[in-house]
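# Summary of the model geometry
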Amino acid sequence: MKYKTLKVNVQKRLGWITINRPKKLNALNRETLSELHHALAILEEDNKVRLLVIRGAGDTAFVAGADIRELAELSPDEGAAFAQQGNQQVFDYIEHYNKPVIAAVNGYALGGGLELAMACHLRVFADTTKVGMPETSLGLIPGYGGTQRLPQLVGRGRAMELLLTGDMIDAQRAYEIGLANAVCSPKELDTKVLELAAAILKNAPEAQQQLLAAVRAGYDPQTDGYIAENEGFGACFETDNFRQGTSAFLQKRKPKF
Ligand code: COA
């Protein structure tokens with residue numbers, strides 16, 4: 001599939017989505033969000049793909065936010081609908097994805113860009129990365145889950161500081177507060193992502209699917225995480241992965257997932 005604002009490729013069980021508007025610092029416009037939704041849906045159905053990586057084209061930015069040019073003309077109702085649509089298409093979609101998603105962050109991740117990275121399950125930052133939530137400098141608040149996911153990741157006090165000041169922090173600080181899982185040089189970013197992916201891919205995908213759902217359930221006010229965990233735990237027992245994992249252990253060999 002050809003996209004105007006994305007590059008998508010599949011390699012060795014990994015799906016790579018590159019947001020490709022480098023001249024606009026990969027800002028998320030309607031077209032990009034819609035293409036992202038399409039690519040996410042295709043890769044979710046693709047049995048060859050076990051894990052996704054989302055990254056930004058060029059050396060400057062992962063994503064410098066929602067496209068401010070598009071936002072500037074909206075009415076209150078249109079603004080709310082814009083955010084709701086983006087959440088359904090991309091941000092909540094990623095959070096509910098049935099495969100692990102890693103954000104490979106290289107440069108600015110601001111506003112919607114940081115929200116995109118936070119919707120992913122894991123984040124690896126190049127040390128050139130700068131992140132922030134500058135929405136209030138535009139007279140806005142975050143619309144893609146930032147008021148919820150940032151406090152979940154870094155704690156309410158630190159999140160409040162980032163949200164109220166809109167100031168950027170660097171990759172090292174992001175790592176210290178739990179926003180980044182790992183930091184490396186820009187040259188090492190792909191290698192670091194591949195290492196993390198390999199560490200995940202050695203384990204059972206069917207169990208990981210249940211795991212993603214159980215962890216997510218605990219952050220959803222409509223669901224009880226403990227009940228979801230119990231159901232997921234039970235569901236694992238009827239999977240091929242469970243039979244493979246337990247028999248491999250008992251036969252003193254490595255499982256093949
Ligand atoms: N929406 C639309 N266009 C954006 C954008 C965004 N969020 N972020 C950057 N761009 C565009 C710029 O308008 C510029 O386009 P132009 O060349 O047609 O003028 C191009 O990307 C390059 O950005 P520029 O601002 O010239 O680069 P810089 O290196 O001087 O500054 C930033 C980089 C990231 C600090 C700056 O672009 C910025 O503050 N962006 C907005 C960040 C933001 O507020 N995001 C939250 C949105 S809700």
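Described below are features of the structure shown in this document. (Residues numbered from 1 in each chain as written. Predicted model: local features only at pLDDT ≥ 70, side-chain atom pairs only at ≥ 80, totals over all residues. Heavy atoms only, no water.)

### Here's the deal with the sheet that holds strand 5 (residues 101-105)
- Strand order in the open sheet made by the six strands is 1-2-3-5-7-10, with mixed pairing throughout. Each edge of the open sheet carries a strand with a single partner, namely strand 1 (6-11) and strand 10 (182-184). Pairs of neighbouring strands in the sheet enclose a mean axial angle of 20°, with direction left out of account.
- Across four bridges, the pairing between strand 3 (residues 51-56) and strand 5 is parallel. Pairing of L52 across the sheet is with V101, part of strand 5.
- Against the sheet, helix 8 (residues 189-201) contacts strand 2 (14-19), strand 3, strand 5, strand 7 (122-126) and strand 10, and its axis sits at roughly 160° relative to strand 7. (Pairing = 2+ DSSP bridges. Helix = DSSP H or I, 4+ residues; strand = E, 2+ residues; numbered from the N terminus. Axes fitted to C-alpha atoms, helices over the stretch in contact; angles between N-to-C directions. Contact = heavy atoms within 4.5 Å.)

### Topic: the side chain of E115
- Within the element layout of this structure, E115 appears in helix 4 (residues 112-119).
- Buried charge without a partner: E115 forms no salt bridge, and the closest opposite charge is R149, 6.6 Å away.
- At 3.4 Å, the side chain of E115 forms a polar contact with the backbone nitrogen of G145.
- For E115, the residues in contact, after removing those within four places along its chain, are F91, M133, E135, P142, G143, Y144, G145 and G146. (Buried < 20%, exposed > 50% of the residue type's maximum accessible area, 1.4 Å probe, protein only. Lys, Arg positive; Asp, Glu negative; His and termini not counted. Salt bridge = Lys/Arg side-chain N within 4 Å of Asp/Glu carboxyl O. Polar contact = N/O pair within 3.5 Å; in protein donor to acceptor, adjacent residues only side chain to side chain.)

### Concerning the pattern of salt bridges
- For the structure shown, the criterion picks out nine salt bridges.
- With a shortest N-O distance of 3.4 Å, E31 and K4 are connected by a salt bridge. Of this pair, E31 sits in helix 1 (residues 30-45) while K4 sits in the segment before strand 1, and the two are 27 residues apart along the sequence.
- Among the ionic contacts, a cluster of salt bridges with common partners joins D92, E95 and R149.

### A few points about the packing of helix 9 (residues 205-218) against helix 10 (residues 225-236)
- Look at helix 9 against helix 10: their axes get within 8 Å of each other, and the N-to-C directions meet at 170°. Taken together, the axes of helix 9 and helix 10 are roughly antiparallel relative to one another. Together, A207, Q210, A214, A217 and G218 of helix 9 and G225, A228, E229, G232, A235 and C236 of helix 10 make up the contact between the two elements.
- The residue makeup of the contact of helix 9 with helix 10, split by class, is six nonpolar, four polar and one charged. (Parallel < 35°, antiparallel > 145°, perpendicular 65-115°, else oblique. Nonpolar A, V, L, I, M, F, W, Y, C, P; charged D, E, K, R; others polar.)

### Remarks on the nonpolar core
- In this structure, I17, I54, F62, I94, L116, L150 and L179 are the most contacted members of the largest nonpolar core, which totals 47 residues.
- If we skip the residues at most four places from it in the chain, I94 touches L40, I54, V101, L116, A119, C120 and H121.
- Listed in part, the 15 residues of the second largest apolar core include L14, V124, A182 and L201. (Core = buried A, V, L, I, M, F, W, Y, C linked by side-chain atoms within 4.5 Å.)

Honestly, that's just the spatial picture; any functional story needs more than this.
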